[in-house]
Amino acid sequence: MPTRAGTRRQPPVSSDLTDILWKAADKLRGTMDAAEYKHFVLGLVFLKYVSDTFEEQTTTIGPDGQSSDREGPARPALFLVPPQARWDAIIAAAEAAATSATTAGTSQTADASAATVGLVLDDAMLALARANPDLLDVLPEGRYSGRGIDERRLAELVGLIHQLGFGDRQSLTSGHGDGTRRPARDVLGEVYEYCLERFALAEGRRGGEYFTPKCVVSLLVEVLRPRPGELVYDPACGSGGMFVQAERFIQSHGHRAITTPAGTTPAGTTPAGAGHQPGGTTVFGQELNQTTWRLSAMNCAIHGIRADLGGRWADSFHEDRHPDLRADVIMANPPFNISDWGGQRLAGDPRWRYGVPPPGNANFAWLQHMASKLAPDGRSGIVLANGSMSSRKGGEGDIRRAMVEDDLVACIVALPGQLFRSTPIPACLWFLARSKTPSAGHSSDRRGQVLFIDARDLGTLVNRTERRLTEADLQRVSRTYHRWRGTPPARPTTPARPTVAHRPEPPADHQYQDVPGFCHSAALEEIRDNGFILTPGRYVGIPAAKPPREPLEQRLSRLASELEQRFAETARLEAVVREQLRGLL
């Protein structure tokens, strides 16, 4: 068991942090399902982080839990951490449990110790939530005691988490080998995302309920490009990955980070958009699954994102927590092809402007729900199953036609397979835009047109079952879209490390051109001729054949000459072998 927090240790670099956290998950395997132990581990990580940062930012704590700094004004802590929720109390209980188990040498005594550790953890979570109303219903309260977890595993789990150091004054390195320091929040956010990804992999298809591959999220953000002062919305926010990537994009281009809707907390319920703060980007989200909603709220808190997630978990179709919202940017990866979404109870819903979606499939319900939330110049990026581009079941073809004729669809991207671990169903991206005129911040007038991009051949296999889009792939797709729209290049404010992933942007006046086999801008008449089927392969054609490197006659002559030389060499070697054989006989 490590020493208490009073003795500072050298924290590991980022790669070691991820290893430690995955070992922590291993401590719980076999005692509960993968869907359960992520809450144990990530809840403890969050508790360690807020305790470390609170301790670093305060030098004395009064009996009322208020902080002061003898050397000058203390920076405000992200959260107020009462004494029973500080890591010193947690590690003391774990050390006592480990000592008791070693001394007793029996499972009975150890079991009592484990219950003590679990109660200390539950009390810490409850105290932290009560001291910070933003965390009510967010932390994994009541999960650590009475669950039948082996006491040694629980104490060792706390011991592993104890190895993580999240204070900004501690030596946190970037993990890139350059020795640079990074803020504790950045390192923790990176580690948290790593764990979410690993947990999603361990859970298989169920992991797709809360985790979208990072490369897909990045592609949505690169195409939509959230700007300062805009409202961002995700009606199926999962673990909050869309918000994290949006914040990173905004900050990397020299703008203020995401702010809190005025008058709200992360769990607030102020009418969406009513108190939007100018200069910052405001985030709104909704999530149906209770535990996933908590993951999202905790993920946003870790990254310092003050998001309005509706105050509680709820169904976006039947209990819209942001009824008055009109968002500038909408990003979502809703569950594919939901058949039990209760559509029969919403037949007369005003959101179905383009047609009533079939009760057996929610794809076009998601599309129309998000379309109803768009501001006059709003834009949206949605991940859907490939069937949404061509299906005619239940009136889906008519809804698709109405959306295209209303000039709502801006771009369709066919994605490569094996991007999503949670489903083998091929996926695509729909990009919607309320305005395609030059006045919407773009120089090109694209009214009456749709851009089709066939990206099925992009991506790199990282193993036999998983494919990822590289940074070069992301830039190729996003640059194609922005050239088509006439968008000025978005340049990072700080130079990136010189890697292949960060290639210079093309000139601002670079004109869009169709590329056979990859992209094509189709007019409404062409789409009508194709029966309003939006599969990019119908429009982009086949790649242009590469011209031969030398004329055919010259190539044939060269190959014939090389073949004659091989025949001559074969004959010479045969004569040598025969001569040697005669000498032996």
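Located above this text is the structure these notes cover.
Computed from a predicted model, the values in this text were never measured in an experiment.

Procedures and definitions
Residue positions are counted from 1 within each chain, in the order its sequence is given. Reporting of local features is limited, given that this is a predicted model, to residues whose pLDDT is at least 70; pairs of side-chain atoms are given and counted only at 80 or more, and all residues count toward the totals for whole chains, interfaces and linings. In computing side-chain values, all of the structure's heavy atoms are included and hydrogens and water are not. Throughout, exposure labels follow a simple rule: accessible area from a 1.4 Å probe, protein chains only, divided by the maximum for the residue type, with under 20% read as buried, over 50% as exposed, and the rest as partly exposed. Under the scheme used here, helices are H or I runs from DSSP no shorter than 4 residues and strands are E runs no shorter than 2 residues, and both carry numbers assigned from the N terminus. At least two DSSP bridges between two strands are required for those strands to pair. Patch members must show over 30% relative accessible area and no salt bridge, and they are joined within 9 Å when carrying like charges or within 5 Å when they are nonpolar side chains of Val, Leu, Ile, Met, Phe, Trp or Tyr. Residue exposure ignores everything except the shown protein chains as possible cover, and the areas themselves are Shrake-Rupley values with a 1.4 Å probe. Salt bridge criterion: a side-chain nitrogen from Lys or Arg within 4 Å of a carboxyl oxygen from Asp or Glu.

Asks: Even after reading the chapter, I still don't get the pairing of strand S7 (residues 374-385), so can you show me in this structure?
Replies: On a regular strand, one side chain projects to one face of the sheet and the next to the other, so that they alternate. Burial within S7 is extensive, with 10 of its 12 residues counted as buried. Examined bridge by bridge, strand S6 (residues 327-332) and S7 share five bridges and lie parallel to one another. Residue pairing in the sheet places Val 329 in a bridge with Arg 379 of S7. Sheet topology note: the S7/strand S9 (residues 427-433) ladder contains seven bridges and is antiparallel.

Asks: I would appreciate a short explanation of a nonpolar patch on the surface in the present structure.
Replies: A surface patch of nonpolar side chains, about 420 Å² in accessible area, is lined by Leu 581, Leu 584 and Leu 585. Positionally, Leu 585 belongs in the segment after helix H15 (552-584). Residue classification places Leu 585 among the exposed residues on the basis of a relative accessible area of 87%.

Asks: What exactly am I supposed to notice about the pairing of strand S10 (residues 449-454) here?
Replies: Of all six residues in S10, six are buried; the element is thus mostly enclosed. With burial as the criterion, each face of S10 is covered, one bearing Gln 449, Leu 451 and Ile 453 and the other bearing Val 450, Phe 452 and Asp 454. As judged from the four bridges shared by strand S8 (residues 409-414) and S10, these two strands associate in the parallel manner. Counterpart to Val 413 in the pairing with S10 is Ile 453. Looking at chain direction, S10 and strand S13 (residues 519-523) are connected through five bridges and run antiparallel. Counterpart to Ile 453 in the pairing with S13 is Cys 519.

Asks: What is the right way to look at unusual backbone geometry in this model?
Replies: Trans is the common state for peptide bonds, and a negative phi is the common state for residues other than glycine. Positive phi is not limited to glycine here, since Asn 337 has a value of about 55°. With a phi angle near 60°, Asp 407 is a residue other than glycine that sits in the positive phi range. Assignment of secondary structure puts Asp 407 in the loop between helix H11 (396-405) and S8.

On their own, these measurements won't tell you what the molecule is for.
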